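Single-letter residue listing:
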Amino acid sequence: MMVKTYWKNIVVFLFLAVIPVASSGQNIFPGAEGMGTQSPGAYGGSELPQIVVVDNLHDSGSGSLRHALNRPFPRIVVFEVSGDIFLESPIVVRVPFLHVAGQTAPGKGIAVWGHPFVIGTHDVLIQDMRFRLGSGHQKQSDCATVRGTSLRTFNVVFDHCSFAFGLDETLTILNAGPGITISNSIVGYSLDGLEHSCGLLVLNSFNVSLIRNVLAFNGDRNPTIRGDSRKVEVINNLIYNSESHAIYLGSRGPRNYPVDVILKSNHYITGPDNMNRFLLSVHEQVADSLNVFWSDNTTLHKGRLQRSYDLQLFDKSNRFTPVSQTPFTSSVDLVICSDVLEDSLLSSSGARPRNRDAVDSLLVSNIRQREGNIIKDEEELGIPMTLPNETKGFEIPDDPHLKDANDFTRLQNHLQKMLEDKSNPFAREK
């Protein structure tokens, strides 16, 4: 009993360590870490954000998610409904200064299905949402994309979200930055129906943070950093059952920018589909300059734990040697030791970990049991995927835009408290 209590206390400590807490100074949400999180988000416009309510699951029209996202002003989107939203066409967000607060949805929250979800603007925060393309789309498309041109897409943060069932990449960061963060999220079950089961691609983008994410059942790209990408930090990510590549430094771009990357405290667990046992692979045509910092990365392969980088490296360039100093200043202050990363992230990552849906629950269970496979069609999972449809009004705090002592507004603190309550597996029911 004392041993069980000890380990429970350790897990509680680790979970609390990765759930953001309020800190002084304006930021995109209290306690946010990652590049681009210094943005004020929805509060960055020339006027205070309006609160826009989603009260139905329709593809379009008044009260729909699409309608809320397309409002021509700074906005905080809240939900008074839960369930599945089936898109009839892609959603492309082009209006900046946005916070999508999925944690306000009742029940098990929201899942967006059927077409790509694209961010093509700046100063955007999306929390506690599920994005799922699905095999019914039938075209090689991403589930979600952060896509920009000419520095128009920057300061974009996905936090505590779940991405699944992409048919190209499940999540792509393309021509974006500076300042893109994916944190505390799940990227999994990338479909191989079109022979392209790929998890997360960073292409021609810069100042990117990938922090405390779970990447599982993606055949490749967990993540891939490719082209003229630079200043990318990959910290505290758990990777499971990556068939061909886990972390992959891909081919150079036309400008041959230096590869400035921080790889720190990531953990790779090989699985049933693995042909690759290496945490890091390097393309033979990688950029000429490699400035990659390596610290506390581990691989568990067939019951053996590898710690040395040379035992976790497949280098087709024959030029890779870690640098002794980080090539840029990391945005992450708290780093979890890779030895305890699995338990910590499986308890805390993705959309509402306290009340996971069937897809995320199966993914987490399969990792714990060292089971599961890469799939071609989501129906192979053999689980019900429909979220319950519930309704509940959202109570706006008094004086929502009045700042509290931590320099965040009452509304921001209220939304963050809702996120923490739905993410902390040890919180008491109310």
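Residues numbered from 1 in each chain as written. Predicted model: local features only at pLDDT ≥ 70, side-chain atom pairs only at ≥ 80, totals over all residues. Heavy atoms only, no water.

(A) Focus on the pattern of salt bridges. This model, assessed by the stated rule, comprises 16 salt bridges. The shortest N-O distance in the salt bridge between Arg-352 and Asp-128 comes to 2.7 Å. Note that Arg-352 is positioned in the loop between helix H3 (341-348) and helix H4 (358-369) and Asp-128 in the loop between strand E8 (124-127) and strand E9 (130-132), a separation of 224 residues in sequence. With respect to class, Arg-352 is no different from Asp-128; both count as buried. Put simply, Lys-403 and Asp-407 hold a salt bridge, and the shortest N to O gap is 3.3 Å. (Salt bridge = Lys/Arg side-chain N within 4 Å of Asp/Glu carboxyl O. Helix = DSSP H or I, 4+ residues; strand = E, 2+ residues; numbered from the N terminus. Buried < 20%, exposed > 50% of the residue type's maximum accessible area, 1.4 Å probe, protein only.)

(B) Just the sheet that holds strand E7 (residues 117-119), in detail. Taken in spatial order, the nine strands line up as E4-E7-E10-E13-E16-E19-E22-E25-E29 in an open sheet, and their pairing is parallel. Unpaired on one side and paired on the other, strand E4 (91-93) and strand E29 (313-315) mark the two borders of the sheet. In this sheet, neighbouring strand axes are inclined to one another by 15° on average, regardless of whether the strands run parallel or antiparallel. Bridge count for strand E22 (residues 247-252) against strand E25 (residues 280-282) is three bridges, and the pairing is parallel. Each bridged residue has a counterpart across the sheet, and for Ile-247 the counterpart in E25 is Leu-280. (Pairing = 2+ DSSP bridges. Axes fitted to C-alpha atoms, helices over the stretch in contact; angles between N-to-C directions.)

(C) Geometry of the environment of Gln-306. Looking at the element boundaries, Gln-306 is found in strand E28 (residues 304-306). By relative accessible area, Gln-306 is classed as buried at 18%. Separated by 27 residues in sequence, Gln-306 and Leu-279 place their C-alpha atoms 9.7 Å apart. In contact with Gln-306, not counting residues within four places along its chain, are Asn-297, Thr-298, Thr-299, Leu-311 and Gln-312. (Contact = heavy atoms within 4.5 Å.)

(D) Region of the structure containing the pairing of strand E10 (residues 144-147). For E7 and E10, the ladder comprises three bridges, and the chain directions are parallel. Looking at the pairing, Ile-119 lines up with Val-146 of E10. In terms of strand pairing, E10 meets strand E13 (residues 169-174) through four bridges, oriented parallel. In the sheet register, Thr-145 faces E13, and the bridge partner there is Thr-172.

(E) Local environment of the nonpolar core. Counting residues in hydrophobic clusters, the biggest one holds 90 residues, and the most contacted among them are Leu-65, Ile-126, Met-129, Phe-131, Phe-158, Phe-165 and Leu-249. Setting aside residues no more than four positions away along its own chain, Ile-126 makes contact with Val-100, Phe-117, Ile-119, Phe-131, Val-157, Phe-158, Asp-159 and Cys-161. Counting residues in hydrophobic clusters, the runner-up holds nine residues, among them Ile-76, Ala-101, Phe-394 and Met-418. (Core = buried A, V, L, I, M, F, W, Y, C linked by side-chain atoms within 4.5 Å.)

(F) Layout of the packing of aromatic side chains. Considering all chains together, one arrives at twelve aromatic pairs under this definition. Centroid distance Phe-86 to Trp-113: 6.2 Å. Interplanar angle 25°. Geometry classified as stacked. Pair noted here: Phe-86 is in strand E3 (residues 83-86) and Trp-113 is in strand E6 (residues 110-113), with a separation of 27 residues, a long-range link. Under the relative-accessibility criterion, Phe-86 is labelled exposed at 52%. Overall, Trp-113 belongs to the buried group, its relative accessible area being 8%. Ring centres of Phe-278 and Phe-314 lie 5.6 Å apart, and the angle between their planes is 25°; this geometry places the pair in the stacked category. One end of the pair, Phe-278, is in the loop between strand E24 (267-269) and E25; the other, Phe-314, is in strand E29, and 36 residues separate them in sequence. Members of the aromatic cluster, connected to one another through ring pairs, are Phe-86, Trp-113, Phe-165, Tyr-189, Phe-217 and Tyr-240. Over the ring of Phe-206 we find Arg-230; its NZ or CZ atom is 4.3 Å from the centre of that ring. (Phe/Tyr/Trp six-rings, centres within 6.5 Å; stacked < 30°, edge-to-face > 60°. Lys NZ or Arg CZ within 6 Å of the ring centre and 35° of its normal.)

(G) A look at the pairing of E13. For E13, the buried fraction is high: five of the six residues fall into the buried class. Here E13 pairs with strand E16 (residues 198-203) via five bridges, running parallel. Its bridge partner being in E16, Glu-169 is matched across the sheet by Cys-198.

(H) Fine view of the confidence of the model for the chain. Across the chain, the average pLDDT comes to 92, with 92% of residues at 70 or higher. Taken as a whole, residues 1-25 scores under 50 in pLDDT and shows 40 contacts with residues more than four places along the chain or in a different chain. (pLDDT = per-residue confidence, 0-100.)

(I) Structural detail: H4. The end-to-end C-alpha separation of H4 is 16 Å, in line with the 16 Å expected for twelve residues at 1.5 Å each. For H4, the set of buried residues is Val-359, Asp-360, Leu-363, Val-364, Asn-366 and Ile-367. Angularly, the buried residues of H4 cover 160° about the axis, an arc narrow enough to put them on a single face. Check the buried side of H4 and you find it contacts E9, strand E12 (162-164), strand E15 (186-188), strand E18 (214-216), strand E21 (238-240) and H3. (Expected span 1.5 Å × (residues − 1). Arc of directions from axis to C-beta.)

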